[in-house]
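Listed below, chain by chain, are the residues.
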Amino acid sequence: MESDYAIEAEGLRRTYRTRTGWLRPRRETVEAVRGIDLTVRRGELFGLLGPNGAGKTTTIKMLNTLLIPTAGTARIRGFDVVEQTREVRRRIGYVFGGDRGLYDRLSALDNLRYFAELYGVPPRDQRRRIAELLELVGLTGREQERVEGYSRGMRQRLHAPEVLFLDEPSIGVDPVAARELRRTVAGLAAGGTTVVLTTHYMAEADELCDRIAVISGGEIQALGTPAELRSRADGRRVVEVEAYGVPDTAISALRGLPGVRETSVEDRGALQLLTVQSDAHVDVQGDVLRELAGIRLGRVDSREPTLEDAYVAIVGAA
Amino acid sequence: MRTLRTLLIGTVLRAKHLSRSPFEVAMALVIPLVQATLAVYLFRAGDEPHRLLEAAVGAGLMGVWASVLTGSGGAIQHQRFEGTLEIIMLTPRHPVLVILPLTAATAVTGCYALVATLLWGRLVYGIPIDLAHPLAFGAATLACIAGLGMFGLLLASTFVLLRNANALANPLDYPIWLLSGMLVPISVLPAWTAPIAAVLPTTWGARALREATVGGPVWPSIGICLALGTVCLVLGAVLLKSFERRARAAATLALA
Ligand SMILES: Nc1ncnc2c1ncn2[C@@H]1O[C@H](COP(=O)(O)OP(=O)(O)OP(=O)(O)O)[C@@H](O)[C@H]1O
Ligand SMILES: [Mg+2]
């Protein structure tokens, strides 16, 4: 009973129970995911975008069978992620960012042989597939060398998964390799692989994803195409101010100004970048500068909102 | 066929992985020598020089068991830390095919301890290696590897479930050495330990090795060691499947 949907999830929840201390144990529960519904079509490139601790990894691990949901159900190609793990696992791949997920004491060839066995790739196909893969990642002739981070995704191609989960794949990757990675992901999706990708980077989600779910506090705050999400910030205007040493009191004052919807501060070395979103019909720039009187300022700019501003607005409203 | 192939390739590659860690190699090199030395002095002091070879074999087997216990515990903990435990548990095979090669590899590499102990005894203390049944000794060694690897799987199933099970299991070195008669003959232990010893594959493996060294029936002990090992394997497989599910519920496959 294979489904037309790659992924169907209803009411997914997950709490973690932790215990710290031996003598007087302190128990804590964390509600990491609080009711997520999603459907992802076959061949879709779906993004989960959200701040630290939003519940992205937890969601992915429930979908890929590593965690059993506290409540709710999920199916991959129609197979239940709790009960039909073998069917699900045959069809999925999972890659997470950072230099992990392969055995760095073994050569590229040995890593591939090991995973080819564990994925049950038939022996007569193994040699050919492994050679193709080494060629693909440019390791032909160097297969006896130990693996490095750049090749960690190759394990997934051994068994050509139908649904690929990528948890922050571009973390710790240099810009050139990140571009290469985005091209690879786009290529896989074009070839019919369903891809679920988590990221902190707006631009990455914007460039790659067919649809994005913005998740924060364990719930989906907004879901749509990048264009739909961008329109969340329609009717707004953004003032950006570069400043040095802005006190917290000034920032709360900015938040209280009439017409102001979101205020965020980003530290860039000695400099702070203030971003103030307001209703487009209210000109807040004068008021903003008045509140910042006496503080050393750099460039001041007023512009149209971007997807990033929409994201800030969505997460800020959560 | 496919299952055997997966187990074999898995074991070879895991052994390769183990042999590339300077720490594991250092442990494997040094520990048996220390144990052999201790055994020699214990038995010299005990005025039983004719039992020196027996003692060296026992010390060697202690090394194999230490390798299985700390090796499997360490390998699973290390992989939990590295994130690869999730990756291998995520493959569509039965978890036994994933975990058994890990413990089998520690038994195989631990075998070096046996060889090293005998050679050390020969070279340094001049203990002659005149085995009563050399052929059966080889068979008993293989049975020990298989039996200890399968016994290791039973323990490893708890390492998969509990985040720090290996820390709890590491002190199991000594009781198993003692109970299985690797260190001192079982006959000197209190009577209540006998039933426990009788169900440990290590006891029969140790006995088979001793019989092959000083003379005795050997083959029945080998048979019982393998049979008990198989029981451990079946039990381990059942536990592993259920612990895997519990680990997914308790979120213990990863550290964070
Ligand atoms: N194994 C665990 N035990 C206890 N709490 C956990 C565990 N894993 C995650 N959490 C908590 O659950 C919440 C969601 O974490 P999760 O890793 O899913 O977030 P995330 O969106 O992936 O964040 P990041 O962007 O930092 O990767 C966080 O508050 C986190 O601290
Ligand atoms: Mg995460």
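The name given to chain B in an unreviewed UniProt entry is ABC-2 type transport system permease protein, with Actinoplanes campanulatus as the source organism.

Looking up chain A in an unreviewed UniProt entry gives the name ABC-2 type transport system ATP-binding protein, with the organism given as Actinoplanes campanulatus. Here is the UniProt Subcellular location (unreviewed entry) comment for chain A, exactly as written: "Cell membrane".

A. Spotlight on empty space enclosed by the protein. A full pass over the atoms with the stated rule returns two cavities of 30 Å³ or more. Considered as a void within the structure, the largest cavity measures approximately 40 Å³ in volume. What lines the largest cavity is Glu168, Ser170, Ile171, Thr199, His200 and Tyr201 of chain A. The residue inventory of the lining of the largest cavity, partitioned by class, reads two nonpolar, three polar and one charged. Empty space within the second largest cavity amounts to approximately 30 Å³. For the second largest cavity, the full set of lining residues is Ala116, Glu117, Gly120, Val121, Pro122 and Pro123 of chain A together with Arg2, Arg5, Thr6 and Arg93 of chain B. Of all the secondary-structure elements, those providing two or more residues to the lining of the second largest cavity are helix 3 (108–118) of chain A together with helix 1 (2–19) of chain B. Here the lining of the second largest cavity gets three residues from one element, more than from any other, and that element is helix 1 of chain B. The residue makeup of the lining of the second largest cavity, split by class, is four nonpolar, two polar and four charged.

B. Focus on the interface of chain A and chain B. Residue-level contacts link 36 residues of chain A with 37 residues of chain B. Here chain A and chain B share an interface that buries about 3500 Å² over both sides, 56% of which is from carbon and sulfur atoms. Along the contact surface separating chain A from chain B lie five salt bridges. Here arginine 89 of chain A and glutamate 244 of chain B are joined by a salt bridge, their closest N and O atoms 2.8 Å apart. Scanning the region where chain A abuts chain B turns up 19 residue pairs in polar contact (both at pLDDT 80 or more). A class-by-class count of the residues in the side of chain A that touches chain B yields 16 nonpolar, seven polar and 13 charged.

C. Local environment of the nonpolar core. Core analysis: the largest hydrophobic core is formed by 113 residues, its most contacted members being Ile7, Leu63, Ile76 and Phe165 of chain A together with Trp65, Ile88 and Ile99 of chain B. Not counting residues within four places of it along the chain, the set of residues in contact with isoleucine 99 of chain B comprises Ile76, Met89, Leu153, Ala156, Val160 and Leu240 of chain B. Core analysis: the next-biggest nonpolar cluster, separate from the first, contains 20 residues, Cys209, Val214, Leu307 and Ile314 of chain A among them.

D. Here's a closer look at the domain arrangement of chain A. All names here are of chain A. Domain boundaries in chain A define domain 1 (5–224) and domain 2 (233–317). With nine residues of domain 1 in contact, the opposing surface of domain 2 contributes five residues. Taking both partners together, domain 1 and domain 2 bury about 650 Å²; carbon and sulfur atoms supply 83% of that area. Of all residues in domain 1, Pro51, Met202 and Val214 give up the largest surface area on contact with domain 2, accounting jointly for 56% of the area buried on that side. Scanning the region where domain 1 abuts domain 2 turns up zero salt bridges. At the surface where domain 1 touches domain 2, the tally comes to zero residue pairs in polar contact (both at pLDDT 80 or more). Contributing elements (two or more residues each) for the side of domain 1 that touches domain 2: helix 6 (202–208), strand 9 (211–216) and strand 10 (219–224). Among the residues making up the side of domain 1 that touches domain 2, the classes are represented as five nonpolar, three polar and one charged.

E. View of the pattern of salt bridges. Residues and elements named next belong to chain A. Taken as a whole and assessed by the stated rule, the structure comprises 32 salt bridges over all chains. The closest approach of N and O atoms between arginine 211 and glutamate 44, which form a salt bridge, is 2.5 Å. Of this pair, arginine 211 sits in strand 9 while glutamate 44 sits in the loop between strand 2 (26–41) and strand 3 (45–49), and the two are 167 residues apart along the sequence. Judged on exposure class, the residue arginine 211 and its partner glutamate 44 are both buried. One salt-bridge network, in which partners are shared between bridges, spans Glu240, Glu242, Arg299, Asp301, Arg303 and Asp309.

Thresholds, definitions, all that
- Residues numbered from 1 in each chain as written.
- Chains lettered and ligands numbered in written order.
- Predicted model: local features only at pLDDT ≥ 70, side-chain atom pairs only at ≥ 80, totals over all residues.
- Heavy atoms only, no water.
- UniProt positions renumbered as here; feature names shortened; annotations may be inferred.
- 1 Å grid on protein atoms, 1.4 Å probe; cavity = no way out; pocket = protein on both sides within 12 Å on 5 of 7 lines; lining within 4 Å.
- Points joined across faces, edges and corners; volume = space filled by probe spheres on them.
- Nonpolar A, V, L, I, M, F, W, Y, C, P; charged D, E, K, R; others polar.
- Helix = DSSP H or I, 4+ residues; strand = E, 2+ residues; numbered from the N terminus.
- Contact = heavy atoms within 4.5 Å.
- Buried area = accessible area lost by both parts, 1.4 Å probe.
- Salt bridge = Lys/Arg side-chain N within 4 Å of Asp/Glu carboxyl O.
- Polar contact = N/O pair within 3.5 Å; in protein donor to acceptor, adjacent residues only side chain to side chain.
- Core = buried A, V, L, I, M, F, W, Y, C linked by side-chain atoms within 4.5 Å.
- Buried < 20%, exposed > 50% of the residue type's maximum accessible area, 1.4 Å probe, protein only.
- Domains from an automatic or database assignment.

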